[in-house]
Amino acid sequence: MEYVMVDGRTLDRSAAKVDIEDRGYQFGDGVYEVIRVYNGKMFTGMEHLKRLKESAEKIQMKLPYSPEELLARMEELILKNEVDTGTVYMQFTRGISPRNHVFPGENVATTFVAYTRKVPRPVEPMEKGVCAILDEDIRWLRCDIKSLNLLGNLLSKQRAAEANCFEAILHRGETVTEGSHSNISIVKDGVIITHQADNHILNGITRQKMLEICRNESIPFEERAFSLDELSSADEVFSSGTTVEVMPVVEVAGKPVGNGRPGSVTRQLQALFKAEIERQCGQI
Ligand SMILES: Cc1ncc(COP(=O)(O)O)c(C=O)c1O
C-alpha cells in the first residue's frame, strides 16, 4: 500500500484523483517542492518549505498551511510509507474552477498533493562523474519560482537524455544560467563560481547549503554569471540538487572537463556535504 496526501487527507495512491478543471492540470498554475529523505528524516526540510511559501507568494497564491504544519504532515507521510532513503514531493495548485486565465479568487481553495518515493543516493555517478550537453535557455524570466511549468526544462532534459547525458547546461546567449534540473558551478584556480541567485535561476537549497559550507570552511567562491568560455576552460564543473547532491560533470558537449575525472574541489565538497547530511539525519 502506498499512501499519498490530497488536501490534507491520507489515502491509497489508487484512490487519488485529479479534477480535469484543476488549474495545475490546465495551466501548470501552481508551485512544488522536493525534499530529500535520509534515514527516514527530511534533510533541509524547513528551507524547502520556506522556499515553497516564497514561490507561492510570488504567484499571489496563499498556502493553507504554515511551513511548520507542512513539515509535520510530511513527517507523517514518510513514516506511513516507511521511506528510509528517498524523496517527498508536494505541490499546491490554484484550485479547481472553470478554465479562465484570470485567477479564480480567494474562495477557491488550493489543491494540495503530496507523495513519497524510495530513491537511493546516486553513488556510482557521484564517484565517476556524468556528462552534460549545452542548450539554449529558452525558459521564462522567473526561474526563481519553483513553478509547475517545466516545459522548457523538460525539452532540455529530453535532449540530454537522448545524448545519454545526465544534464543539459543552459545558457542565455554567452551566459551560463543553470541546469535543466540542477544548479551548475565551475571551479577555476580553486575558486567556485556559480550564477548569482536572481530571476534567471532557481536558488537551489543544495546550492545554498553548499555556499554555507564554503563560508564555514573558508573555501573561496564567487556568486556571479560566468560565460560559455569560462565553462569550457574550467578546471572542474559540477551540478547540485536535492536528489543528486554534488554531482561531478566530467564531460561537457563531448569535451572532457579538466582531466576528465571528478576534481579535488568537487570531491571535497561532496565529502563536506555528506558530513552535513549525516549531522542532520545520521549516518548514510
Ligand atoms: C531548474 C532547477 N535548478 C536548480 C535545482 C536545484 O535545487 P535544489 O537544490 O533546491 O533541489 C533544481 C531542482 O529541482 C531545478 O529543477
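Predicted model, so just to flag it, every value in this text is computed and none were measured.

## A short note on the site of the ligand
- Looking at the ligand, there are 18 residues lining it, with R51, E178, I205, T206 and T242 nearest.
- Contact distances for the ligand include 2.9 Å between an oxygen atom and a side-chain N or O atom of R51.
- Contact distances for the ligand include 3.0 Å between an oxygen atom and a side-chain N or O atom of K146.
- Calculation on the ligand without its partners gives an accessible area of 390 Å², and the protein chains cover 91% of this total.
- Elements with a minimum of two residues in the shell around the ligand: α2 (45-58), β9 (175-179), α6 (205-217) and β14 (236-241).
- Of the residues contributing to the shell around the ligand, the split by class is 2 nonpolar, 12 polar and 4 charged.

## Concerning the sheet that holds strand β2 (residues 9-12)
- Strand order in the open sheet formed by 6 strands is β2-β1-β6-β5-β3-β4, and the pairing between neighbours is antiparallel. Because the sheet does not close on itself, it has two edges, and the strands there are β2 and β4 (41-42).
- Alignment of strand β3 (residues 30-38) against strand β5 (residues 86-93), held across 8 bridges, turns out to be antiparallel. Counterpart to V37 in the pairing with β5 is G86.

## A look at the domain arrangement of the protein chain
- As assigned here, the protein chain comprises domain 1 (3-118) and domain 2 (123-281).
- One C-alpha centre belongs to domain 1, the other to domain 2, and the line joining them spans 26 Å.
- On the domain 2 side, the residues contacting the 27 residues of domain 1 number 21 residues.
- With both sides pooled, the region where domain 1 packs onto domain 2 buries about 2000 Å², and carbon together with sulfur makes up 61% of that total.
- A per-residue breakdown of the area domain 1 buries against domain 2 is headed by Y32, F43 and R51, which together make up 32% of the total.
- Remark: the boundary between domain 1 and domain 2 carries 1 salt bridge.

## Some remarks on the packing of α6 against helix α8 (residues 264-281)
- Relative orientation of the contacting elements α6 and α8 amounts to 105°, with a least axis distance of 10 Å. For the element pair α6 / α8, the angle class is roughly perpendicular. Side by side, α6 and α8 meet where T206, K209, M210, I213, C214 and E217 of the first sit next to L269, L272, F273, E276 and Q280 of the second.
- Residues of the contact of α6 with α8, tallied by class, amount to 6 nonpolar, 2 polar and 3 charged.

## A closer look at the nonpolar core
- By size, the foremost hydrophobic cluster in this structure holds 24 residues, and its most contacted members are M42, L52, L70, M74, M90, F92 and F112.
- Where this core is concerned, the elements lending two or more residues are β3, α2, α3 (67-80), β5 and β6 (111-118).
- Broken down by element, this core gets its largest block of residues, 5 residues, from α3.
- With residues up to four places along the chain from it excluded, the contact list for M90 reads V31, Y32, E33, I35, L49, L52, M74, F112, V113 and A114.

## Digging into α3
- With 14 residues, α3 extends 20 Å between its outermost C-alpha atoms, agreeing within 8% with the 20 Å of an ideal straight helix rising 1.5 Å per residue.
- The set of residues buried in α3 consists of P67, L70, L71, M74, L77 and I78. One side of α3 carries all its buried residues, which in axial view fall inside an arc of 125°. Seen from the open side of α3, the exposed residues pointing more than 90 degrees away from its buried face are E68 and L79.
- Of the residues trailing α3, E82 is marked for its positive phi of about 50°.

## Quick word on the pattern of salt bridges
- Overall, the coordinates contain 22 salt bridges when judged by the stated rule.
- Across the pair R159 and D135 runs a salt bridge whose closest N-O atoms are separated by 2.6 Å. Residue R159 is located in helix α5 (residues 151-162), and its partner D135 is located in strand β7 (residues 130-136); the two are separated by 24 residues in the primary sequence.
- Of the residues examined, R159 reaches a relative accessible area of 44% and is grouped as partly exposed.
- Among the charged side chains, a network of salt bridges with common partners joins D137, R139, R172 and E178.

## Details of the pairing of β3
- Of all 9 residues in β3, 9 are buried; the element is thus mostly enclosed.
- Side chains G30, Y32, V34, R36 and Y38 of β3 all project onto a buried face; the interleaved residues V31, E33, I35 and V37 project onto the opposite face, where all are buried too.
- Here β3 runs beside β4; their pairing, made up of 2 bridges, is antiparallel. Residue pairing for β4: Y38 is matched across the bridge by K41.

About the cut-offs
- Residue indices follow the written sequence of each chain, beginning from 1 at its first position.
- Reporting of local features is limited, given that this is a predicted model, to residues whose pLDDT is at least 70; pairs of side-chain atoms are given and counted only at 80 or more, and all residues count toward the totals for whole chains, interfaces and linings.
- Only hydrogens and water are set aside; all other atoms, that is, all heavy atoms of the structure, feed into the side-chain values.
- Note on terminology: near, applied to a residue and a molecule or strand, indicates that one of the residue's heavy atoms is within 4 Å of it.
- Polar contact is the term for a pair of N or O atoms within 3.5 Å; when the atoms are in protein, one must be able to donate a hydrogen and the other to accept it, and sequence-neighboring residues count only if both atoms are side-chain atoms.
- Accessible surface is estimated by sampling points in the Shrake-Rupley manner with a 1.4 Å probe; for residues, cover comes only from the protein chains shown.
- Here a strand is any run of E in DSSP of at least two residues, a helix any run of H or I of at least four, and the numbering for each starts at the N terminus.
- Following the grouping adopted for this structure description, the nonpolar residues are Ala, Val, Leu, Ile, Met, Phe, Trp, Tyr, Cys and Pro, the charged ones are Asp, Glu, Lys and Arg, and the polar ones are all others, Gly among them.
- By definition, two strands form a pair when at least two bridges between them are found by DSSP.
- Note that the domain bounds reflect an automated or database-derived domain assignment.
- The contact criterion used throughout is that any non-hydrogen atoms of two residues lie within 4.5 Å.
- Joining two parts hides part of their accessible area as seen by a 1.4 Å probe, and the buried area is that hidden amount summed over both.
- For salt bridges, the criterion is a side-chain nitrogen of Lys or Arg within 4 Å of an Asp or Glu carboxyl oxygen.
- Here, axes are lines fitted to C-alpha atoms. For helices the fit covers the stretch in contact, and angles between N-to-C directions go from 0 to 180 degrees.
- Here the word oblique covers every angle except those under 35 degrees (roughly parallel), over 145 (roughly antiparallel) and from 65 to 115 (roughly perpendicular).
- Throughout, nonpolar core names a set of buried Ala, Val, Leu, Ile, Met, Phe, Trp, Tyr and Cys residues whose side chains join them through atoms within 4.5 Å.
- Here the term buried applies to any residue with accessible area under 20% of the maximum for its type, exposed to any over 50%, and partly exposed to those in between, with areas from a 1.4 Å probe on protein chains only.
- For a helix, the expected span equals 1.5 Å multiplied by the number of residues minus one.
- This arc corresponds to the set of directions leading from the helix axis out to the C-beta atoms.

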